[in-house]
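# Examining the three-dimensional arrangement
The chain contents come next:
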Amino acid sequence: HHSACTRRSGHLSTCLSITTPQCCLLLDYHIMASTHTTPSSQSLFLQRVASELVASNKGILAADESVGTIDKRFQVNAIENNEENRRQYRTALLSNPALATYVSGVILHEETVQQLDNSNSKLVDVLINNKVHPGCKVDKGLVPLTSGLPGEQVTSGLDGLPERCRAAKKAGCTFTKWRAALQVEGGDDDRGLVRPSAQCVDAMANTLARYAAISQAEGLVPIVEPEVLMDGDHSAEAAARANEVVLSALFAAMHMHGVVMEGALLKCSMVTPGKSRGGGGVEHTDLVASLTVRTLMRTVPPAMPGVVFLSGGQTDDDAARNLQAVRKCAVDARSPWKLTFSFGRALHNAALAAWASKYLSGDVAGAIEAAHGALSQRAAACAGS
């Protein structure tokens, strides 16, 4: 029965976390209900946008830092964290006329979706006019998971999500993003993984799947982001095991909630050793690439048009180099997806520093020009140009 379920679902990984015939029957029912129908115009729109977001030699710029996160980055560059400075900085990033050369879409913070540039044009419209898809982060951040292990978290924001999606759509956005974060502990021996706990994985999978279904119902491509954190001293093999558990559960839940895979994207971590283990540098590149591609081949439905990677605490150079190695390994493995970047820090660390040095001296125009140059250089490196 499992083999029949696997053939009908179109990919091997669906049954990795399904162990009973009853579950397979239920899964088959949902697959037939969600995919064995004539595509609607909305479904075709979602598929087109998802495919455009992973267009060849382009990737996604993540510019959706929360107020707290951008505060840390502003502090490093001696910039006061207020709404006007955030608007000025994001204007500098998004007004780059060369952005569309390397960037297919930009994930925006809710605040940015409503902001204007220095010419009183909506920043969303600036992107649209530059043929770049605007998207919006719609989750409400991480909160403690009381049923999990100490320190584990789940993402909040399902309440009011349809309304936030409608507002994003009305503002001109074509896609959304929702992030979960999972810790790794154990996994280096026969005892198996300690973290993420089964409760954390279950909460993550069902929350992301419900978000994705709501986003698609409102006409927006969902980018599901189950980030397996680099924090810790775990091995690369342990990170691979954690990613397999997480992604298998996620896609089973997405099938159960009727998510159209062709109109969604996965944003995930590359498989790296924990930071405390010293997982950066050229010597780890081949291992990162092979484990990352192996993990995707074991878990991600081929119907999904692409996978985008977060930089996840890697250095700018490590993230760009590892991405190129992952792409090459994926070609050798004949993987069915487009693979590209959805970087935040690894794309605009240099742009922020270049912008801040001019902005602090009062040279707003010079700051924008400096940010444009630095962002284009990093985006070209990540795009492989």
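As a starting point, this report considers the structure included with it. Predicted, not measured: the structure shown is a model, and the values here were computed from it. Starting afresh in each chain, residues are numbered from 1 along the sequence in its written order. Only residues with pLDDT of at least 70 are given local features in this predicted model, and only at 80 or more are side-chain atom pairs given and counted; all residues enter the totals for whole chains, interfaces and linings. Working from all heavy atoms in the structure, the side-chain values ignore hydrogens and water.

### Section: helix α13 (residues 316–332)
Residues three or four positions apart in an α-helix share a direction because the helix packs 3.6 residues into each turn. Under the convention used in this document: By definition, any uninterrupted DSSP run of H or I lasting at least four residues is a helix, any uninterrupted run of E lasting at least two residues is a strand, and each is numbered from the N terminus. Multiplying 1.5 Å by the residue count of a helix minus one yields the expected span of that helix. Exposure categories follow from relative accessible area, calculated using a 1.4 Å probe and restricted to protein chains: below 20% of the type maximum is buried, above 50% is exposed, and the middle band is partly exposed.
The first and last C-alpha atoms of α13 sit 25 Å apart over 17 residues, in line with the 24 Å expected at 1.5 Å per residue. Turning to α13, its buried residues are Asp316, Asp318, Ala319, Ala320, Asn322, Leu323, Ala325, Val326, Arg327 and Ala330. Phi turns positive, to about 55°, at Arg334, one or two residues after α13.

### Section: the nonpolar core
Selection criterion: For this analysis, a nonpolar core means a set of buried residues of the types Ala, Val, Leu, Ile, Met, Phe, Trp, Tyr and Cys, connected via side-chain atoms within 4.5 Å. Only heavy atoms matter for contacts: two residues are in contact if any of them lie within 4.5 Å across the pair.
Ranked by size, the top nonpolar core spans 95 residues in total, and within it Val106, Met254, Leu266, Leu296, Phe309, Phe343 and Trp355 carry the most contacts. Not counting residues within four places of it along the chain, the set of residues in contact with Leu296 comprises Leu247, Leu266, Cys268, Val307, Phe309, Trp337 and Leu339. Grouped together as the second largest cluster of nonpolar side chains are 13 residues, Val49, Ile107, Leu265 and Val308 included.

### Things to note about the packing of aromatic side chains
Filter applied, for reference: Working definition: rings of Phe, Tyr and Trp (its six-membered ring) pair if their centres are within 6.5 Å, and the pair is stacked with planes under 30 degrees apart, edge-to-face with planes over 60 apart, and tilted otherwise.
Evaluation of the coordinates by the stated rule reveals six aromatic pairs. When the centroid spacing of 5.7 Å and the interplanar angle of 40° are considered together, the rings of Phe341 and Phe343 count as tilted. Look at Trp355 and Tyr359: their rings are 4.4 Å apart centre to centre, the planes differ by 20°, and that puts the pair in the stacked class. Within this pair, Trp355 and its partner Tyr359 are both found in helix α14 (residues 345–359), separated by four residues, close to a single helical turn. Comparing Trp355 with Tyr359 shows no difference in burial state: the two are buried. Linked through ring pairs, Phe74, Tyr89, Trp355 and Tyr359 together constitute an aromatic cluster.

### Digging into unusual backbone geometry
Negative phi is the rule for most residues except glycine; trans is the rule for most peptide bonds. Cis peptide bonds are those with omega within 30 degrees of zero, and the linkage from Arg195 to Pro196 qualifies with 0°. Tracing the backbone shows Pro196 in the loop between β8 (193–195) and α10 (198–217). A positive phi is found at Asn57, a non-glycine position, where the angle reads about 65°. By secondary structure assignment, the location of Asn57 is in the loop between α3 (41–53) and β1 (59–63). Its identity as a non-glycine residue notwithstanding, Arg334 has a phi of 55°, on the positive side.

### As for the sheet that holds strand β2 (residues 103–108)
Heads up, the condition is: In this scheme, strands are said to pair when DSSP sees at least two bridges between them. Under this scheme, a helix contributes an axis fitted over its contacting stretch, all axes are lines through C-alpha atoms, and angles between N-to-C directions fall in the 0 to 180 degree range.
As summarised here, the arrangement of the eight strands in space is β1-β2-β3-β6-β9-β10-β11-β12, forming a closed barrel in which the pairing is parallel. Neighbour-to-neighbour, the strand axes of the sheet open up by a mean angle of 25°, direction not taken into account. Bridge count between strand β11 (residues 306–310) and strand β12 (residues 338–343): four bridges; the pairing is parallel. Across the sheet, residue Val308 finds its bridge partner in β12, namely Thr340.

### Digging into the packing of α13 against helix α15 (residues 364–383)
The following threshold applies: Any angle that is under 35 degrees is reported as roughly parallel, and any over 145 degrees as roughly antiparallel; angles of 65 to 115 degrees are reported as roughly perpendicular and all others as oblique. Residues are sorted three ways: Asp, Glu, Lys and Arg are charged, Ala, Val, Leu, Ile, Met, Phe, Trp, Tyr, Cys and Pro are nonpolar, and all the rest, Gly among them, are polar.
In contact at an axis separation of 8 Å, α13 and α15 are set at 30° when each is read in the N-to-C sense. In terms of their interaxial angle, α13 and α15 are classed as roughly parallel. Every residue of α15 that contacts α13 at Asp316, Asp317, Ala320, Leu323, Gln324 and Arg327 is listed here: Arg378, Ala381, Cys382 and Ala383. Counted by class, the contact of α13 with α15 contains five nonpolar, one polar and four charged residues.

By themselves these figures say nothing about function.
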